[in-house]
Each structure stands twice: as C-alpha cells, then as structure tokens.
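Coordinate inspection notes
Take a look at the letters that make up each chain.
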Amino acid sequence: MSSTDRRTRPPMCSSTVSRNIRSSGEPIATPWWRGTFGSRHSTCSAGAVSDKPALFISQDDHVAVLHRLIGELGNGPVFLSGISFGGLIALHYAIEYRRRLSGLVPMSCFAELSPQLLLLGNALRMGLILGGTGYLQDLPLPMNLSDQWLKPLLDKLDSVKRQRWLVNDLYALQNLMESFLDFKPLTPQLSSITVPTMIVNGEFDFLTPRALHETLRVHISNSSLVIIPRAYHAFTLEKAALTADLLARFAEDVLAGRWQGNRAVWIAPEDAGRALTPFPAGYDHLRAIPVPEAPE
Amino acid sequence: MNELYGPLDSEGRVPPLQQTRIAAFLISAHGALARQSAFTLPTKLESAWQTELNAQLFRETEIVSLLMRATSWAPDPGLGYMTVAWESAWFPAPVYEISDWPLAVAAGLATLAHAVHAGIRPATLLPAEANPEDPFAMALRRIEFESGRLLQAQILSLKGPDFVPFRDAVNSALERRHAEVRRLWRDMLQSVGIAIRE
C-alpha cells in the first residue's frame, strides 16, 4: 500500500445503513467519502425521503438497487465499499457482479452470523420493537464509538439523535433488520470474489469483532485485513479522514497495479497520510493480548 | 408554510387551531381503528393472536381518550367536511384477492392499521423548542411511541403464514393504504399552514 497523488479519484460507491450524524444542521463528522471520491451513496432504504417499501425488502432488493446505482457511474472502474449491513450487501454484490468491480472494501462486516452476533441482532430488533427508534440509537451509540469521540459531544447527543430519529421510520428500520432474519452465510461463496479486497476492522469493534473479518480474509484470496487502531464499529464516522485516505490509497494502488492482497494483516496509522505497519510476525492478530500464533 | 407545528406561543405550545385539526384527524383515524377492532374482537378468544387484537382495541381507545383531554380545542368550521372525508377513507377495504372473507377483512384492517401507525408520525413535527410539559406535545410523543409498538401486530400478521400465498396482493393493498393515509395527513397539515417534505 502506498500514498500517491490524489488529485484524481476513482469512483467509489458506498453502501451503509448508518447515516452521517448532524447537530443543529452542522455536520459533526464529514462523511468520509465526501470530497475524496466521485461517489454514489446508498443507504439501504433507511432514508427519510426514499420510497421505502412498507412491508417487504430483501437483501436481493438492496443488491438490485445498488446495481442500478453503480450503473449510473458509467463504464469506468468502480470501487465498492460498505459498512456493517452495507458491507454484507457489498459482499453480495461482489459475488453476483464480480466483473463490474475494480475493488471491494468491506468494513465492520461479516459473512456469517456468530452466536454472539445473532443474539445481539435479535436483541437490537427486540429493542427497536419495544423501545422504538430512540432505544435503537441509545444502545449502539456507546457500543460503536469511543469515549474520546463521545465525551466532547455528550451535551449535543440529544440533538444528534433527534436528527436521526426524524428521518428514520421505525417500520423501515425493522424491515431492514428483518431482511437479515433468513440470512444465509456467504462464506461458501467468498472464494469466488477475486477482485482486490481491503477488509477494514476497528481494533475494538464489539459488534463485529476480528474473527468475523478473519473469515473474509481467509476465503478471499486477493485480500488484506487492515486494523484501525483505537477504533470501534463506527470508525467511518469517528475517523472519517483516515478512512477516506485508506480507501484512496487502496484504489490508487489497484489502478496502478501495485496492489497485492496476499491475505496480509496490516495496522493502519493513527492519522491520515501516515504509513501502515505490517502486523508483527509470529503474533496472533485475533487476540487482544500479544500471544504468539499457535502452530498450524 | 411551516415545516413544523407553529409558530409556538410564548409558552412553547402549538396554536389551538393546529391542535384542533391534528387531534381531530388522529381521533378520526385511531377511533376508526378502535371501532373496527371492537367489531373484529370475538367475545371468546380462540387463538393466541387474538389477545393482540384485544390490546389494540384498548390502546386505540386510550389514544382517543388522551387526545380529547390533552388538546386545547378551538372552534373550527372547516372540520365538518374534513371529518366526512376522513371517515369515508377509513371504511373497511377487504383485500379482494383473498377468497377467505374473514381473512380478507382482517388483511384490510391490518393494512389500515399499519398505514396509520407507521405512516403518521405526529411527534416529528414538534419543534425542538416545544414545551415538554405541554400535555398536547406529550400526547403526540406518546401516540407516536405507542404506534410503533402497535405496529408490531400488523407487521407480524401481514408477514405471517396466513398471508404468504397473497403476498403481492397484500403488499399492493398496503402501499395503497399508505399512500392514501399520507395524502390525507399531508392535506390536513397543509390546511393549517404546515408543509411536510415528501
């Protein structure tokens, strides 16, 4: 991976269900894709003015919407990124339309439901049912963002949450969550993804921890795993500049023919523009303490 | 046209004419759901899901009672013809593609309830500076919150096994109901100077 001239950017299409948070009309965090890429952004039908289906929406529907969106970009190279549920849709897309993509960036993502994730997903859905959108905001916010990010914003969180509450209809959120109830693991199909793939995971991601990203790294041959230090599930919000920089470098390396996935594991820098570090050889990147790798 | 209720008075309350129209609309819609739930509810429950029907009846009744008491009513000559239009829109509309008549009627009621509970979000139009101690504002927040919970019964039944063979018909009926309810809600709001973004 390298840092090169970023005056011209390749198209980057992102798929996400968590939208940029604003307070009193002012952005708290600039969307990571803005100003960096020629971009299209899909929000998996959770948006306020979208034509949200009242009752049914499937993951295939999301992939179809994404395909139409990508069609708008013309015939040039397309890099697709997605975070969380959006990352899953990006994986689906890469499996179905592998020739259309130049690169893929699943972030805070999963290809199969671990027991923890299954139970967490069920609990979040039940929380939405019983406590409404407000509860669904209250619980994941401290799970997905660091103290450093939250502390200076504590007195603004009500207005932050109000903006999201206004534009997210409960039934649309629930339809989205229910589209994952009949989730079928993608792991058996991951090996069909041959495009350059940069898998990005926050160091402290509680919802989708390292082991879930490891499934992607092991099965996607041309992939690398990049760990964002001190980051949680929503690192695109908290570390927007770093995320944009990493994606730009990835796209440039791919287009310049420099990208070599090699299923390598990297540690991202703390700030944008600095070098990535290979994960120390001999240590297990799935552990939170420096334990030597177990022999194969 | 405003995008939210208001302008608020000096104590942060919604103007009485707006309160009157909003409350009348919500009473009409939730009252219709209460009546139709009452007619559908058997005297002796035979199935577990019917316990939800009983809960729906009393939650809808609670909403009507709450609005009657929390609203600052104002004389409104325009309410007469508007109420007639609203009430006629809530008439039962069975899903005719379903040959089992009681099931078709139940589907029609569920689509109306889904549209009212999901499509109308009365608290989102309260300005952030609205007085949180005002009973009307509190009532709207409570109605929106309860609507979210009541919605579960409609989601469960409309996605349930009884309607799987009629998925397209149910979906079409639901989208029609949503469009109709949203249009009535939007028109009512426009009549008191509030334009909501579509």
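As shown above, the structure is provided for reference.
Attention here is on the structure that accompanies the text.

Rules behind the numbers
Residues numbered from 1 in each chain as written. Chains lettered and ligands numbered in written order. Predicted model: local features only at pLDDT ≥ 70, side-chain atom pairs only at ≥ 80, totals over all residues. Heavy atoms only, no water. Helix = DSSP H or I, 4+ residues; strand = E, 2+ residues; numbered from the N terminus. Buried < 20%, exposed > 50% of the residue type's maximum accessible area, 1.4 Å probe, protein only. Contact = heavy atoms within 4.5 Å. Pairing = 2+ DSSP bridges. Right-handed = clockwise from strand over helix to strand, strands pointing away. Expected span 1.5 Å × (residues − 1). Buried area = accessible area lost by both parts, 1.4 Å probe. Polar contact = N/O pair within 3.5 Å; in protein donor to acceptor, adjacent residues only side chain to side chain. Phe/Tyr/Trp six-rings, centres within 6.5 Å; stacked < 30°, edge-to-face > 60°. Lys NZ or Arg CZ within 6 Å of the ring centre and 35° of its normal.

1. Some thoughts on the overall build of chain A
Scanning chain A from terminus to terminus reveals 11 helices and 10 strands. In chain A, which comprises 296 residues, the share counted as buried stands at 53%. The long-range fraction of contacts in chain A, counting pairs at least 24 apart against all pairs at least 6 apart in sequence, stands at 77%.

2. Digging into the pairing of strand β8 (residues 223-228) of chain A
All names here are of chain A. Of all six residues in β8, six are buried; the element is thus mostly enclosed. Side chains S223, L225 and I227 project from β8 onto one buried face, and the interleaved S224, V226 and I228 project onto a second face that is buried too. Note: strand β7 (residues 197-202) against β8, six bridges, orientation parallel. Across the sheet, residue N201 finds its bridge partner in β8, namely I227. Between β7 and its parallel partner β8, the chain crosses via helix α9 (residues 210-219), and the hand of that crossover is right-handed. The sheet contact formed by β8 and strand β9 (residues 264-267) spans four bridges and is parallel. Considered in β9, the bridge of V226 is made with W266.

3. Describing helix α4 (residues 101-119) of chain B
Relative to the 27 Å expected for 19 residues at 1.5 Å per residue, α4 of chain B spans 26 Å between its end C-alpha atoms, a close match to the ideal helical length. In terms of residue burial, α4 of chain B counts as a mostly covered element, since 14 of its 19 residues are buried.

4. Side note on the interface of chain A and chain B
Across the boundary between the two partners, chain A contributes 19 residues, which contact 25 residues of chain B. Summed over both partners, the interface of chain A with chain B comes to about 1,900 Å²; 57% of that surface belongs to carbon and sulfur atoms. Where chain A packs against chain B, one counts 13 residue pairs in polar contact (both at pLDDT 80 or more). When residues of the side of chain A that touches chain B are traced back to their parent elements, those giving at least two are α3 (115-138), α6 (157-167) and α7 (170-178) of chain A.

5. Considerations on the packing of aromatic side chains
One pass over the structure, following the stated rule, counts 10 aromatic pairs over all chains. On the basis of an interplanar angle of 90 degrees and a centroid distance of 4.8 Å, the ring pair of F250 of chain A and W259 of chain A is categorised as edge-to-face. Take F250 of chain A: its relative accessible area is 0%, and that puts it in the buried class. Through pairs of rings, three or more aromatic residues link up here, namely F25, W86, W90 and W185 of chain B. The ring of W165 of chain A is capped by R121 of chain B, whose NZ or CZ atom sits 5.3 Å from the centre of that ring. The residue whose ring lies beneath R167 of chain B is F56 of chain A, and the NZ or CZ to ring-centre distance is 3.8 Å.

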